[in-house]
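One letter stands for each residue in the lines below.
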Amino acid sequence: MILSRGKTDSASSRHTNSTSGGAAPGGAGKQRKAPAPTTLEDFIIKRDYTGARAFLEYTNDEDDDEENEAAGGAAASGLKQRQVDQWIAFCNFHLGDYQQALTQYKAIQKTSEKANVELNLAVCMFYLGLYEEAHQLVSNTSEESPLKQRLLFHLVHKLGSVEEWAELHDDLENSSSVEQQLSLASMHYLRAHYQEAIDVYKRVLVDNKDYMAINVYLALCFYKLDYYDMSQEVLDVYLGQHSDSTIAINLKACNRFRLFNGRVAEQEIKNIADNGTFGADLLRHNLVVFRNGEGALRVLPGLLNIVPEARLNLAIYYLKQGDVQEAHALMKELQPTSPHEYILKGVVHAALGQQLGSKEHIKTAQQNLHLVGSSATECDTIPGRQSMASAFFLYQQFEEVLVYMNSIRSYFVNDDVFNYNFAQAKCATGYYKESEELLMQITDMDIKNQHTYCMILAKCHIHCNHPELAWNVFITRDTNAEAFLLLQLIANECYKCEEFWVAAKAFDMLEKLDPSPENWEGKRGACAGVLYAMATKAHRGRPGGGISEVIGILRESSNSQAEAMIKTIRKHISNFK
């Protein structure tokens, strides 16, 4: 949700007036107008690559006009043209137009064997995802340079060449070069080794305090470690100098999203989201997240190969919509490399396994979730404990589920999904009163309308001596196959708990729907239980309307034994008053 490799972070490059240098922050909150840049270097320093490209193209046109008026100097002219073309390609690269930059570098290479642009070509290929082509080109390049080493380091990581990666890792680790150390730190970040990345960034920052962008990298690492307050504190150092940085503003919005909500986060980026600026794809993606999935199908499919998190968030959207098959289609080819990817893959397989009744998918879900929950880096985090609780839930080891859910309960006091899962585990382990309280706290109607919710709530009501509430759960449901299952649960649980009157009503309804011997026997036993409760003056299992209600439901039975029971009741009616 943080970084895209789509375009470069250029505050000035998003200005439509390419000759404007932009406003710089001044003291006491005031701003002064900067003078318009007059040289290429001015544009580059200000990171105004759109302006730099326009400047180069304009200068190039003027030189062409002069050359048309003068003869000679063809070699010098060709050299200057190649330099201009290289600078234009450089600007296109930093504007995120990697394909155009690649095309231009190839054209430069064809026109001059001395251009020496192989590494530039390889870098463009890397950003276009052409890792094998880039690796082949770099490997065939005789030039040895720190850039080549850094590029190879990241290419072999992408290609999964472990031995070559380890060798290059050692070389970079032993290097004192700032660039090599920053490349090493970025690799730690990509491999989710955030603390190691933080250690490298802090070492570099000690000797290079003017490298302000390192604060953004530190803030990203703190964000990934869920230290959102600390992330924002470090990020503010950079924003104090570069208040218009798209990456920094986006990260601030992400921190706000985690600390508060999507509405607060959206306020941070709404003014830059539609400006066609660098990071436009990333911002459009994050707006979908901040708006709780609004516009997901319109925005996210087109970003699957641009923003890595787009695939994950689209899968989450499909899960929330109940389209488990689509979520699985997105995730099945994904090889997880980070905890949240393992978690999401586990959740998708769990949902699909429950939907299809597939033990294979359930087993895959268990493996993914258990892997996260038992890992040394995640076992004491909230997501790690949630994952372990989920794994034990799928194992049906509910006592273990309670251990993990109790450890993080204070973080989810008003979370309906957490309370729903917690209540299920409580019910499965016999803590009916606590389960009933948790279920009654839930306000999400999507959850409350679920068949499972109704089944668990009815069972808890019965075991908490509230059988009439369980009966009310049934009568508010539509008549369908699920309602029949609910009725069976109420009948049998009430019978076991000696709530014979509600059991009798439930078995009476079951007999009408399915006049089988089993349902009659249940009804007969429940009625006998009611008579016993009335005869012994028991506090439960008795009808409010007295013996006449028992006679009433027996009359509605077609079974011949019903009339015999009625005669016996009438004969001993004095004992039931």
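Described in the following lines is the structure provided in the data block.

Calculation criteria
- Along each chain, residues carry numbers from 1 onward, in the same order as the chain's sequence is written.
- Thresholds applied to this predicted model are a pLDDT of at least 70 for local features of residues and 80 or more for the giving and counting of side-chain atom pairs; totals over whole chains, interfaces and linings are not thresholded and use all residues.
- Where side-chain values are given, they derive from all heavy atoms of the structure, hydrogens and water being excluded.
- The way it works is that DSSP assigns letters per residue, a run of H or I at least four long becomes a helix, a run of E at least two long becomes a strand, and they are numbered from the N terminus.
- Relative accessibility thresholds used throughout: buried, under 20% of the residue-type maximum; exposed, over 50%; partly exposed, between the two (1.4 Å probe, protein chains only).
- Contact definition: two residues touch when any of their heavy atoms are within 4.5 Å.
- For every accessible area listed, the method is Shrake-Rupley and the probe measures 1.4 Å; residues are considered covered only by the protein chains on display.
- Pairing of aromatic rings covers Phe, Tyr and the six-membered ring of Trp, with a centre-to-centre limit of 6.5 Å; geometry is then stacked below 30 degrees between planes, edge-to-face above 60, and tilted otherwise.
- The criterion is that NZ of a Lys, or CZ of an Arg, lies within 6 Å of the ring centre and within 35 degrees of the ring normal, and then a charge sits over that ring.
- Each patch is built from salt-bridge-free residues with over 30% relative accessible area, joining like charges within 9 Å and nonpolar side chains (Val, Leu, Ile, Met, Phe, Trp, Tyr) within 5 Å.
- Every case where a carboxyl oxygen of Asp or Glu lies within 4 Å of a side-chain nitrogen of Lys or Arg is listed as a salt bridge.
- Charge assignment: positive for Lys and Arg, negative for Asp and Glu; neither His nor the chain ends contribute.
- Charge coordinates come from a single atom per side chain, which is NZ of Lys, CZ of Arg, CG of Asp or CD of Glu.
- We define the nonpolar core as a collection of buried residues of types Ala, Val, Leu, Ile, Met, Phe, Trp, Tyr and Cys that are connected through side-chain atoms lying within 4.5 Å of one another.

1. Quick notes on the overall build of the chain
And then number 1: A tally of regular secondary structure across the chain gives 32 helices and 2 strands.
And then number 2: A burial count over the chain gives 46% of its 577 residues as buried.
And then number 3: Intrachain contacts of the chain at a sequence separation of at least 6 include 50% that bridge at least 24 residues.
And then number 4: Here the chain has roughly 30,400 Å² of accessible surface; of this, 50% comes from carbon and sulfur atoms.

2. A look at the packing of aromatic side chains
And then number 1: Within this structure, the stated rule accounts for 23 aromatic pairs.
And then number 2: A ring pair is formed by Tyr223 and Tyr228, whose centres lie 5.4 Å apart and whose planes are at 65°; its orientation type is edge-to-face. With respect to class, Tyr223 is no different from Tyr228; both count as buried.
And then number 3: With 5.6 Å between their ring centres and 45° between their planes, Phe418 and Phe422 make a pair best called tilted. Within this pair, Phe418 and its partner Phe422 are both found in helix H23 (residues 416-428), separated by 4 residues, close to a single helical turn.
And then number 4: Of the residues examined, Phe422 reaches a relative accessible area of 0% and is grouped as buried.
And then number 5: Positioned over the ring face of Trp165 is Arg191, at 4.1 Å from the centre of the ring.

3. Let's talk about a negative patch on the surface
And then number 1: Together, Glu167, Asp170, Asp171 and Glu173 give the surface a local cluster of negative charge.
And then number 2: Structurally, Asp171 can be placed in helix H8 (residues 162-173).
And then number 3: Judged by its relative accessible area of 38%, Asp171 is partly exposed.

4. Focus on the nonpolar core
And then number 1: In terms of nonpolar packing, the biggest core is built from 64 residues, with Leu439, Tyr453, Leu486, Ile490, Val550 and Leu554 touching the most fellow members.
And then number 2: Setting aside residues up to four positions removed in sequence, Leu439 forms contacts with Tyr420, Ala423, Tyr453, Ile456, Leu457 and Cys460.

5. So, the side chain of Asn92
And then number 1: Among the structural elements, Asn92 can be located in helix H3 (residues 74-94).
And then number 2: Using a relative accessible area of 3% as the deciding quantity, one classes Asn92 as buried.
And then number 3: Every residue in contact with Asn92, bar those within four places of it in the chain, is listed here: Arg53, Asp97, Gln100, Ala101 and Gln104.

6. With respect to the pattern of salt bridges
And then number 1: Throughout the structure, instances matching the rule amount to 16 salt bridges.
And then number 2: Where Lys523 meets Asp508, a salt bridge forms, and the shortest distance between an N and an O atom there is 2.7 Å. You can see Lys523 sitting in helix H30 (residues 517-535) and its partner Asp508 sitting in helix H29 (residues 500-513), a full 15 residues away along the chain.
And then number 3: A relative accessible area of 0% places Lys523 in the buried class.
And then number 4: Here the salt bridges share partners, and the residues they tie into one network are Asp508, Glu511, Lys512, Lys523 and Glu556.

7. Section: the side chain of His188
And then number 1: Counting through the fold element by element, His188 comes out in helix H9 (residues 178-190).
And then number 2: If we ignore the near neighbours within four places in the chain, the residues touching His188 are His169, His193, Tyr194, Glu196, Ala197 and Val200.

8. Observations regarding unusual backbone geometry
And then number 1: Of note in this structure, Ala192 is not a glycine but carries a positive phi near 65°.
And then number 2: The residue Ala192 is located in the loop between H9 and helix H10 (194-207) in this model.
And then number 3: The backbone phi angle of Asn292 is positive, close to 60°, even though this residue is not glycine.
And then number 4: Turning to its location among the elements, Asn292 is positioned in the loop between helix H15 (280-290) and helix H16 (296-299).
And then number 5: According to the relative accessible area criterion, Asn292 is exposed, its value standing at 62%.

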